[in-house]
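# Structural overview for review
Each chain is listed here by its residues.
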Number of protein chains: 2
Amino acid sequence: MATIKDVAALAGVAPASVTRVLSGHPNVSPRLRERVLEAVRESGYKPDLLAAGLRRGSSRTIGVIVSDIINPLLAEVVDALEVKLRAHDYSVLLANSHGDPARDVEAVSLLRQHRTDGLIVMVVDETRAELKEALRTSPVPVVLLDRTVEGCDDASVVTSDHRRGTRELTRHLLDAGHERIGYLTGPLGTTYAGRERMAGFLAALHERGLELPERYIQSSRATPEFGQRATAALLDDPEPPTAIVAGPNPMLVGMLRELQERGVMVGTGIAVACLDDPPIAFLHNPAITALSRDIGEMADTAASLLVATLSGEMRQPRTVVLPMHLRRRASTAAPVPAAPVAPSATSR
Amino acid sequence: MATIKDVAALAGVAPASVTRVLSGHPNVSPRLRERVLEAVRESGYKPDLLAAGLRRGSSRTIGVIVSDIINPLLAEVVDALEVKLRAHDYSVLLANSHGDPARDVEAVSLLRQHRTDGLIVMVVDETRAELKEALRTSPVPVVLLDRTVEGCDDASVVTSDHRRGTRELTRHLLDAGHERIGYLTGPLGTTYAGRERMAGFLAALHERGLELPERYIQSSRATPEFGQRATAALLDDPEPPTAIVAGPNPMLVGMLRELQERGVMVGTGIAVACLDDPPIAFLHNPAITALSRDIGEMADTAASLLVATLSGEMRQPRTVVLPMHLRRRASTAAPVPAAPVAPSATSR
DNA sequence: TTGAAAGCGCTAACAA
DNA sequence: TTGTTAGCGCTTTCAA
């Protein structure tokens, strides 16, 4: 690997001149620029980003923390972030919490050690004291995606209008005559998005003077496995819900699996909806009512806020709330099932 | 941010001693170890990985190149890789080619600049001359996942038995009476997995003395959009296929979308299969015949090979071929549609 | 067992 | 406009 010294020697100039040419310094004679570029070409020199980063105090790297990359929503976000950040010459250092709040905290500290220039954060649990502390004291700018962190006042926030969206979706179910609605959610209260969704759900119920038994709200880790178990619990209820709303995508997968195994028909046997809009939702037969949003816009907004902060263009943190759209589909179109779904013995 | 000097001063020792304590050097007095650890705790010191990396020549970072993180298969691989590598104290630097072969090449060079200690590679196009050159001359070990690169003889390879799997799946279709089979694939010949799949497909046909018209093989970028177009082209054929095999997951999504829009019923109107097994495949109604494999095993194998190479335990590159399993499902269970599917005017 | 010193490759400040 | 010098924070000789 050629170093800057090799290039300098080859061009017969000082190392600093090589830096100047490559970083686009204004005062460089065309002659010198010429010779340096030629030497760079000849030697195939590429700067060592570790060394440059150490010296400069910035690594041209952005840390991205996601709760679970398998969630297609988050995969799409990471994809869009990567493209956008790369366009600004930043690489993405990915940290995946894998559903474990302890890993959230580790991730922040690890990314700091890697001297990432900024953080984009979609943690599992934003309420952890250590996490709040770690983010609050972050020496680099932070953008929260669908999260808010108490005391972390310098962070910008990009989120979607989960509350309004979920309220609208719930109203839609109520209008279709459902009064017993099951609700699958990740751990309660651990994310802003989760709380807003829940608030929207409850608001719609309260508008109609409805109160659900607590057991209709199933909270667990947001994985297909737990989603499946939670669905089983709902279906086994002596008075099972006539509709189920799955919040996180992975729980939708588990729910569909359980319905499939029991032979309960989506749409006719039970109404079903999701609070995000992954491909499974619209490809399912019948298609599943869902809340959709522009994920590219979400990621671009987050990346732009971070880059603007890093470049010094933006001094104050901002909060951006993006719209969500209710997609009414066949899974909620049928009239309410006449009789309660019978608990099935074929479970699992 | 406390540096090693701060810790050394606080403990009244030399910086080198701090390093020794923290890296578990054998000859350290308990007294000194004690004092250093106390100072570390008190100052909240965390080593700067850029500086350590520069000095040591290794960044504790592994570069992972994926063609498209939105593909649930690749998302799952990245997830599993991250968990496994983190357990060995490596972080993942993610590079996403986004379906663009030019970005493959950039990714290799960028990751090299970041001084990643190793590379795990699932590029878009393994046949690009620049890419082959870049990988061949990689100063760090490379593991190819579902790829092979000519001249890159030091790289280990982890792949699945695509040829056998695809042949078996195709036989299954033939056994069900299908003789006109459409085949959706990404760009032809650009990956080992793609070539093996195609070889398996053709082998099964040849066994039966069948030859398909070229237009039944639809090759394009592996995205839902192109998958949808390719499906439309197949359905608009004067003699449309009675079965369609989608290779890449994103093309399956596009295919299902087109079928849905045209109201062609999967299973009865047309048989359908996929060469991987994403959640959509088994959740679709009717469920879709697919080839499944243990993705965790795949990722763990790749990570282990890389780590073993890095630690010096493994001197020679290895090739590991993992099995694939045919999941026969309802999408291919119905008898061959009696009449050819009529080209529809409702296309798009 | 511990410390002092050198240097990884780069860039920024200062001089010329 | 260009070169010289110093040093980012760490680890690794080498010496004590």
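Splitting chain A by domain gives domain 1 (4–47), domain 2 (61–161 + 294–324) and domain 3 (162–292 + 328–347). Here domain 1 of chain A and domain 2 of chain A have C-alpha centroids that lie 36 Å from each other.

Surveying the vicinity of DNA strand C reveals 23 residues, the closest of which are I4 and Y45 of chain A together with S17, R20 and S29 of chain B. At the protein interface, 64% of the atoms of DNA strand C within 4 Å belong to sugar or phosphate. At 2.4 Å, a side-chain N or O of S29 of chain B approaches a phosphate oxygen of DNA strand C. Of all elements in the fold, only α2 (15–22) and α4 (49–56) of chain A together with α2 (15–22) and α4 (49–56) of chain B reach the threshold of two or more residues within the surface near DNA strand C. Taken together, the residues that form the surface near DNA strand C break down as 12 nonpolar, five polar and six charged.

This part covers the side chain of S59 of chain B. Tracing the sequence through the fold places S59 of chain B in the loop between α4 and β1 (61–66). Filtering out sequence-adjacent residues up to four positions away, S59 of chain B remains in contact with L50 and H114 of chain A together with G53, H114, R115, T116 and D117 of chain B.

Moving on to the protein's contact with DNA strand D. Taken together, 22 residues are adjacent to DNA strand D, and S29 and R55 of chain A together with I4, Y45 and R55 of chain B come closest. Here, DNA strand D places atoms within 4 Å of the protein, and 62% of those atoms are sugar or phosphate. In the environment of DNA strand D, a phosphate oxygen lies 2.5 Å from a nitrogen or oxygen atom belonging to the side chain of S29 of chain A. T19 of chain B places a polar side-chain atom, nitrogen or oxygen, 2.8 Å from a phosphate oxygen of DNA strand D. Broken down by secondary-structure element, the contributors of at least two residues to the surface near DNA strand D are α2 and α4 of chain A together with α2 and α4 of chain B. Among the elements that make up the surface near DNA strand D, the one with the highest residue count is α4 of chain B (four residues). Class assignment of the residues belonging to the surface near DNA strand D gives a composition of 12 nonpolar, five polar and five charged.

Before going further, it helps to examine the confidence of the model for chain A. The predicted structure's coordinates, where accompanied by low pLDDT, should not be read in detail. Summarising the model, chain A shows a mean pLDDT of 94, and 97% of its residues fall at 70 or more. Note that residues 340–348 of chain A has pLDDT below 50 and, in this model, 17 contacts with residues that lie over four places away or in other chains.

So, about the interface of chain A and chain B. Contacts between the two partners involve 48 residues from chain A, matched on the other side by 48 residues from chain B. In total, chain A and chain B occlude about 4800 Å² of area from one another, counting both sides; carbon and sulfur atoms represent 61% of this. Remark: the boundary between chain A and chain B carries six salt bridges. Mapped onto the side of chain A that touches chain B, the elements with two or more residues apiece are α4, α5 (72–87), β2 (91–96), α6 (101–113), α11 (249–262) and α12 (279–283) of chain A. It is α5 of chain A that provides the largest number of residues to the side of chain A that touches chain B, a total of seven residues. Per-class residue counts for the side of chain A that touches chain B are 24 nonpolar, 12 polar and 12 charged. In the sheet, β2 of chain A pairs with strand β2 (residues 91–96) of chain B via three bridges, with the strands oriented antiparallel. Paired with V92 of chain A across the bridge in β2 of chain B is L94 of chain B.

Below, the discussion takes up the sheet that holds strand β3 (residues 118–122) of chain A. The mixed open sheet is built from 12 strands, whose spatial order is β11(A)-β5(A)-β4(A)-β3(A)-β1(A)-β2(A)-β2(B)-β1(B)-β3(B)-β4(B)-β5(B)-β11(B). Edge positions in the open sheet fall to β11 (319–322) of chain A together with β11 (319–322) of chain B, since each of these has one partner strand only. Pairwise comparison of adjacent strand axes, ignoring direction, gives a mean angle of 20 degrees for this sheet. As paired elements, strand β4 (residues 142–145) of chain A and strand β5 (residues 156–160) of chain A share three bridges and run parallel to each other. The residue of β5 of chain A that forms the bridge with L144 of chain A is V157 of chain A.

Residues and elements named next belong to chain A. Positionally, N71 belongs in the loop between β1 (61–66) and α5. Sequence separation between N71 and E313 is 242 residues; the distance between their C-alpha atoms is 33 Å. Engagement of the side chain of N71 in a polar contact is seen with the backbone nitrogen of L73, the distance being 3.0 Å. Among the polar contacts listed, one links the side chain of N71 to the side chain of N249, at a separation of 2.8 Å.

The next point concerns the relation of the copies chain A and chain B. When chain A is fitted to chain B, the best match, at an RMSD of 0.1 Å, comes from turning it 180 degrees and sliding it 0.1 Å along the axis. The relationship between the two copies is best expressed as a two-fold rotation axis. Residue L93 of chain A, judged by its C-alpha, is the member of chain A lying nearest the rotation axis, at 2.4 Å. Interface overlap between copies: 100% of the residues of chain A at the interface are likewise at the interface in chain B, consistent with a symmetric, same-surface contact.

Our focus in this paragraph is the packing of aromatic side chains. Taken as a whole and assessed by the stated rule, the structure comprises two aromatic pairs over all chains. Measuring from centroid to centroid gives 4.4 Å for Y183 of chain B and F201 of chain B, while their planes differ by 25 degrees, and the two rings are stacked. Residue Y183 of chain B is located in strand β6 (residues 181–185), and its partner F201 of chain B is located in helix α9 (residues 192–207); the two are separated by 18 residues in the primary sequence. Here F201 of chain B falls in the buried class, since its relative accessible area comes to 0%. We note R257 of chain B situated over the ring of F282 of chain A; from NZ or CZ to the ring centre the distance is 4.2 Å.

Applying the stated criterion across every chain, the model contains one cavity of 30 Å³ or more. In this model, the largest cavity occupies a volume close to 140 Å³. Contributing to the lining of the largest cavity are L49, L50, S59, T61, L93 and H114 of chain A together with L49, L50, S59, T61, L93 and H114 of chain B. Among the elements of the structure, α4 of chain A together with α4 of chain B are those that each provide at least two residues to the lining of the largest cavity. Per-class residue counts for the lining of the largest cavity are six nonpolar, six polar and no charged.

Residue and element names in this part refer to chain A. In the contact formed by helix α1 (residues 4–11) and α2, the axes pass within 8 Å of each other and the chain directions differ by 100 degrees. The angle between α1 and α2 places the two elements in the roughly perpendicular class. Two secondary-structure elements touch here, α1 through I4, V7 and A8 and α2 through P15, V18 and T19. In terms of residue class, the contact of α1 with α2 is built from five nonpolar, one polar and no charged.

Thresholds applied
Residues numbered from 1 in each chain as written. Chains lettered and ligands numbered in written order. Predicted model: local features only at pLDDT ≥ 70, side-chain atom pairs only at ≥ 80, totals over all residues. Heavy atoms only, no water. Domains from an automatic or database assignment. Near = heavy atom within 4 Å. Polar contact = N/O pair within 3.5 Å; in protein donor to acceptor, adjacent residues only side chain to side chain. Helix = DSSP H or I, 4+ residues; strand = E, 2+ residues; numbered from the N terminus. Nonpolar A, V, L, I, M, F, W, Y, C, P; charged D, E, K, R; others polar. Contact = heavy atoms within 4.5 Å. pLDDT = per-residue confidence, 0-100. Buried area = accessible area lost by both parts, 1.4 Å probe. Salt bridge = Lys/Arg side-chain N within 4 Å of Asp/Glu carboxyl O. Pairing = 2+ DSSP bridges. Axes fitted to C-alpha atoms, helices over the stretch in contact; angles between N-to-C directions. Least-squares fit on C-alpha atoms with pLDDT ≥ 70 in both. Phe/Tyr/Trp six-rings, centres within 6.5 Å; stacked < 30°, edge-to-face > 60°. Buried < 20%, exposed > 50% of the residue type's maximum accessible area, 1.4 Å probe, protein only. Lys NZ or Arg CZ within 6 Å of the ring centre and 35° of its normal. 1 Å grid on protein atoms, 1.4 Å probe; cavity = no way out; pocket = protein on both sides within 12 Å on 5 of 7 lines; lining within 4 Å. Points joined across faces, edges and corners; volume = space filled by probe spheres on them. Parallel < 35°, antiparallel > 145°, perpendicular 65-115°, else oblique.

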